[in-house]
Each structure stands twice: as structure tokens, then as C-alpha cells.
Amino acid sequence: MKRVYVLLFIAIVAAALIGVAVAEHSGYVLIAYQNFRYESSLWATLALLVAVLLVIAILRLLITLLTTSGRVVNPWSRRNRRRRVQIAIEQGQMDLAEGRWASAQRHLQRAAEADAHPLLYYIGAARAANEQGRYEECDALLERALERQPQAELDGALGTLQAMNERHPHNPQVLRQLQRLYQQRGDWSDLIRLLPELRKDKVLPPKELAELERRAWGENLTLA
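Position numbers for residues count from 1 along each chain, tracking the sequence in the order it is written. Given that this is a predicted model, residues contribute local features only at a pLDDT of at least 70 and side-chain atom pairs are listed and counted only at 80 or more, while totals for whole chains, interfaces and linings are drawn from all residues. No hydrogens and no water enter the side-chain calculation; it runs on all heavy atoms of the structure.

Naming follows an unreviewed UniProt entry, where the protein chain appears as HemY protein of Pseudomonas syringae pv. actinidiae ICMP 18807. UniProt positions are given in the numbering used here, feature names are shortened, and annotations may be inferred rather than shown by experiment. In its Function (unreviewed entry) section, the UniProt entry covering the protein chain states "Involved in a late step of protoheme IX synthesis." You can read under Pathway (unreviewed entry) in the UniProt record for the protein chain the words "Porphyrin-containing compound metabolism; protoheme biosynthesis."

Listed below in C-alpha cells is the structure:
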């Protein structure tokens, strides 16, 4: 406590001495360069320099905090990013259940891009896109889901695609993804059962469909 009083006393004395010096010797500063001209007292110039240095120090401190703090100041920290992803998941699932398709697609797609296991979120976003008639976006989302999902977890994708096919039996995007997934999994018997739908809805060009049919029957006979 005594130290505080001593420091306060020193500050008061220093301020008084500076005040006397300013009153007796104000000084004079002149800076001229081409069309620029600055005139002021010495003490006002010193005060301006101190203020500029103080502002620079504060800015450097803020920049340091923003670039190094991962939890308190930086809004793009890993913790906050994970929280935003969780909010997107919860909001997207709620929107999907209540039929707000555009919002569901936006939130679930955002969650899928950021999550390590994005399958269900991509498929949810694809379903929302399909409900809006955005078939190309639906197709792209399903492709992205299959690209990023490990083979061991494709059963969930298969069940969801089959459910989507039952609900939208003539959707070319869903049929195409089912065909690709059956091929990827080696489910040739299921692919053979899917061939009539692929042919009826003209999902594939005739030449590609004929080649796929020959391969499916050949692979199925090999497994028999």
C-alpha cells in the first residue's frame, strides 16, 4: 500500500514539474517540407508523439491477440468453429424434419463440409435439394458424399438412397447414385434388379447401359 502512495506522489511531482516546464519554456517546433508545414510547441509535439506510439502499441497488441489466441479473442478458433458446425447440424436436422428445404440444404451442406463423418449430412442436404427440384445439386451432393465416405460406412448411404428411391421412384439422380453405389460395393444382383428402372427412366445412354448390363450379369455369374 505504501508503494502505491509513493508512486502516486512521484507521479504528482512529475506532473507538477512538467507543468512548470511547459509554462516557462514552451519551446517551438517547425517542420516544413515542400507544401507541408507543421508548427507547434515542443511539449505539444512530444505529447503527439507519445500518443502515436501508444496507438501503435495498442494496435500491435490487438493484432497479436487476434493471431495467437485460440480460445478467447479469435472468433475463428477451432473451438468456436466446432460450435458453429454443431449449430448448423442441429438447425439443419430441424429444418429437414419440418420441411424447410432451402434452410436445411444450406445448414446440412455447411455441416458436411466441416465434419469428419459427413455422410448423413450430405444425404440430408441432397434430399432437401431434391425436394426443391434442384436435381443437379442433389446429384452433386450425393457424389460428394460417396467420395468422402469410407467404404465401411456406405451401408447408411445405401439405406438412405433406397428410401429416397421408394419416395421418388423415377428420380434420375437417385437412380444414378444407387447404380454407382451398387457397383462400388459389388452388389451385382441388386444392380441387375435396378437395371429395368435405369432403362425405363433413361438414366444412362443405351450403349453405357448395355455395357453395364453385360458386366453386371458377368460379375454375378462369377460370384454364383
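Peer 1: Help me out: how do you make sense of the side chain of Gln105 in this one?
Peer 2: Strands are runs of DSSP state E lasting at least 2 residues, helices are runs of H or I lasting at least 4, and numbering of each runs from the N terminus. Inspection of the secondary structure puts Gln105 in helix α4 (residues 101-114). Contact between two residues is taken to exist if any of their heavy atoms lie within 4.5 Å; hydrogens are not considered. Apart from residues lying up to four places away in sequence, Gln105 is in contact with Ala125, Ala128, Ala129, Gln132, Arg134, Glu137 and Leu141.

Peer 1: For this particular structure, what's the right way to read a nonpolar patch on the surface?
Peer 2: The grouping of Leu54, Val55, Ile58, Leu59, Leu61, Leu62 and Leu65 at the surface amounts to a nonpolar patch, some 640 Å² of accessible area in total. Locating Leu59 in the fold gives a position in helix α2 (residues 42-68). Only residues whose relative accessible area exceeds 30% and that form no salt bridge enter a patch; like-charged residues are grouped when within 9 Å of one another, and nonpolar side chains (Val, Leu, Ile, Met, Phe, Trp, Tyr) when within 5 Å. Methods summary: accessible areas were calculated by the Shrake-Rupley approach with a probe of 1.4 Å, and residue burial reflects only the protein chains presented. The term salt bridge refers to a side-chain nitrogen of Lys or Arg lying within 4 Å of a carboxyl oxygen of Asp or Glu.

Peer 1: Explain helix α10 (residues 206-223) here, please?
Peer 2: Counted at 1.5 Å a residue, the expected span for α10 with its 18 residues is 26 Å, and the 26 Å between its end C-alpha atoms agrees. Buried residues of α10: Leu209, Leu212 and Ala216, and no others. An end-on view of α10 places all buried positions within 60° of arc, on one side of the element. Summarising the geometry of α10, the exposed residues directed more than 90 degrees from the buried face are Lys207, Glu211, Arg214, Leu221 and Thr222. For a helix, the expected span equals 1.5 Å multiplied by the number of residues minus one. Residue exposure (1.4 Å probe, protein chains only): buried if accessible area is under 20% of the type maximum, exposed if over 50%, otherwise partly exposed. Arc definition: directions from the helix axis to the C-beta atoms.

Peer 1: It is not clear to me how the pattern of salt bridges should be interpreted in this structure. Could you clarify?
Peer 2: Pairs can form between side chains of opposite charge once their charged atoms are near each other. Scanning the entire structure with this criterion turns up 9 salt bridges. For Asp115, the salt bridge identified is with Arg82, shortest N-O distance 3.1 Å. A residue pair is termed long-range when its members are at least 10 positions apart, and Asp115 in the loop between α4 and α5 (119-131) and Arg82 in helix α3 (residues 78-98) qualify at 33 residues. The class for Asp115 is buried, based on a relative accessible area of 9%. Notably, a salt bridge pairs Asp139 with Arg176, separated by 3.1 Å at the nearest N-O pair.

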